[in-house]
Amino acid sequence: MKCPFCDCPETKVIDSRESDDLDSVRRRRECENTNCAKRFTTYEHFELSINIIKKDGSSEPFDREKILKGVRMSCHKLPVSLESLNELVNDIERELLDEGLTEVPTSKIGDMIMKRLKALNKVAFIRFASVYQEFESVDEFKNEILKLETRKKKVG
Ligand SMILES: [Zn+2]
């Protein structure tokens, strides 16, 4: 986030809270340029303009629904509420916002998901990790889980 006073690209968050309508975050920031050091408030919406860079070099816009679907797959039939999964994705969005990046490799998103799933549900984490690590995108992961589910149904 650029400083609006001096255009310095380095600013730090000194306070962060969700606004009353819950779809934006109010942040107090301080410019890290010592000659400026001005403070300002931003209202940041959870709409990330971040590109996800795939292993083959192609990119696609960050899509929270896609991530949520992948995570939901790994929690299939586990006692994990949709609310906590939404919160997990919110948390990832917040972290990405805080880092102020415009491009993120899929592997980083995968790591961020795994870190949080591990804390949420161990089985979901193992499912996600064992499948995801073989694939380069949440999409591929999703397809593979679907295949597994179909296979199981056929056997049973
Ligand atoms: Zn400044």
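These numbers were taken from a predicted model, which means no experiment stands behind them.

J.: Got a minute to help me understand the sheet that holds strand E6 (residues 103–105) in this structure?
T.: The strands making up a sheet are joined through hydrogen bonds of the backbone, oriented either antiparallel or parallel. Pairing within the open sheet is mixed, and its three strands lie in the order E5-E4-E6. Since the sheet does not close on itself, it has two edges, and those belong to strand E5 (59–61) and E6, each with one partner. Adjacent strand axes in the sheet meet at a mean angle of 30 degrees, parallel and antiparallel pairs treated alike.

J.: What's the story with the coordination of the zinc ion in this structure? I'm lost.
T.: Listed as protein donors to the zinc ion are Cys3 (SG), Cys6 (SG), Cys31 (SG) and Cys36 (SG); their distances from the metal cover 2.3 to 2.4 Å. Around the zinc ion sit four donor atoms; with metal-centred angles ranging over 105 to 113 degrees, the donor geometry is tetrahedral. Each donor residue of the zinc ion belongs to the same chain, with the gaps between them written as C-x2-C-x24-C-x4-C. As far as burial versus exposure is concerned, Cys31 and Cys36 are alike and both buried.

J.: Just checking my understanding: could you explain empty space enclosed by the protein for this structure?
T.: Where empty space is left can be seen by rolling a probe of water-molecule size over the atoms. Summed over the entire model, instances satisfying the criterion amount to one cavity of 30 Å³ or more. Taken as a whole, the largest cavity spans an internal volume of roughly 110 Å³. By residue class, the composition of the lining of the largest cavity is six nonpolar, two polar and four charged.

J.: Teacher, can you tell me more about the nonpolar core here?
T.: With 29 residues, the main nonpolar core has Leu96, Ile109, Ile113 and Leu117 as its most contacted residues. Of all the elements in the fold, those that place two or more residues in this core are helix H1 (64–74), helix H2 (82–99), helix H3 (106–120), helix H4 (122–132) and helix H5 (138–155). The biggest single contributor to this core is H4, with six residues. Apart from the residues lying within four places of it in its own chain, the contact partners of Leu117 are Val71, Ser74, Cys75, Leu88, Lys122, Ala124, Phe125 and Phe128.

J.: When you look at the pattern of salt bridges in this model, what are you seeing that I'm missing?
T.: Between side chains of opposite charge, a pair can form as their charged atoms come close. For the structure shown, the criterion picks out twelve salt bridges. Salt-bridge contacts for Lys54 lead to Glu60; the nearest nitrogen and oxygen are separated by 3.4 Å. A salt bridge links Asp91 to Arg116, with the nearest nitrogen and oxygen atoms 2.8 Å apart. Separated by 25 residues along the polypeptide, Asp91 in helix H2 and Arg116 in helix H3 bring together distant segments of the chain. Of the residues examined, Asp91 reaches a relative accessible area of 31% and is grouped as partly exposed.

J.: Just to check I follow, could you spell out H4 for this structure?
T.: An α-helical segment advances 3.6 residues per turn. Residues three or four places apart therefore align on the same side. Those residues of H4 lying buried are Ala124, Phe125, Phe128, Ala129, Val131 and Tyr132. A side-chain oxygen of the first residue of H4 lies 3.0 Å from the backbone nitrogen of Val123; this N-cap is Asn121.

J.: Would you mind going over the packing of aromatic side chains with me for this structure?
T.: Aromatic ring pairs are defined here through the distance separating the ring centres and the angle between the ring planes. This structure, assessed with the given rule, holds one aromatic pair. With centroids separated by 6.3 Å and ring planes inclined at 70 degrees, the aromatic side chains of Phe5 and Phe40 adopt a geometry described as edge-to-face. Remark: Phe40 occurs in strand E3 (residues 39–45) and Phe5 occurs in the segment before strand E1 (11–18); sequence separation between them is 35 residues. Looking at Phe5, the relative accessible area reads 47%, which means it is partly exposed. Among the residues examined, Phe40 registers a relative accessible area of 8% and is labelled buried. Over the aromatic face of Phe5 sits the side chain of Lys38, whose NZ or CZ is 5.3 Å from the ring centroid.

About the thresholds
Residues numbered from 1 in each chain as written. Predicted model: local features only at pLDDT ≥ 70, side-chain atom pairs only at ≥ 80, totals over all residues. Heavy atoms only, no water. Pairing = 2+ DSSP bridges. Helix = DSSP H or I, 4+ residues; strand = E, 2+ residues; numbered from the N terminus. Axes fitted to C-alpha atoms, helices over the stretch in contact; angles between N-to-C directions. Donors = N, O, S within 2.8 Å, 3.2 Å for Na, K, Ca; no water. Tetrahedral: all angles 85-135°; square planar, octahedral: opposite > 155°, others 65-115°. Buried < 20%, exposed > 50% of the residue type's maximum accessible area, 1.4 Å probe, protein only. 1 Å grid on protein atoms, 1.4 Å probe; cavity = no way out; pocket = protein on both sides within 12 Å on 5 of 7 lines; lining within 4 Å. Points joined across faces, edges and corners; volume = space filled by probe spheres on them. Nonpolar A, V, L, I, M, F, W, Y, C, P; charged D, E, K, R; others polar. Core = buried A, V, L, I, M, F, W, Y, C linked by side-chain atoms within 4.5 Å. Contact = heavy atoms within 4.5 Å. Salt bridge = Lys/Arg side-chain N within 4 Å of Asp/Glu carboxyl O. Polar contact = N/O pair within 3.5 Å; in protein donor to acceptor, adjacent residues only side chain to side chain. Phe/Tyr/Trp six-rings, centres within 6.5 Å; stacked < 30°, edge-to-face > 60°. Lys NZ or Arg CZ within 6 Å of the ring centre and 35° of its normal.

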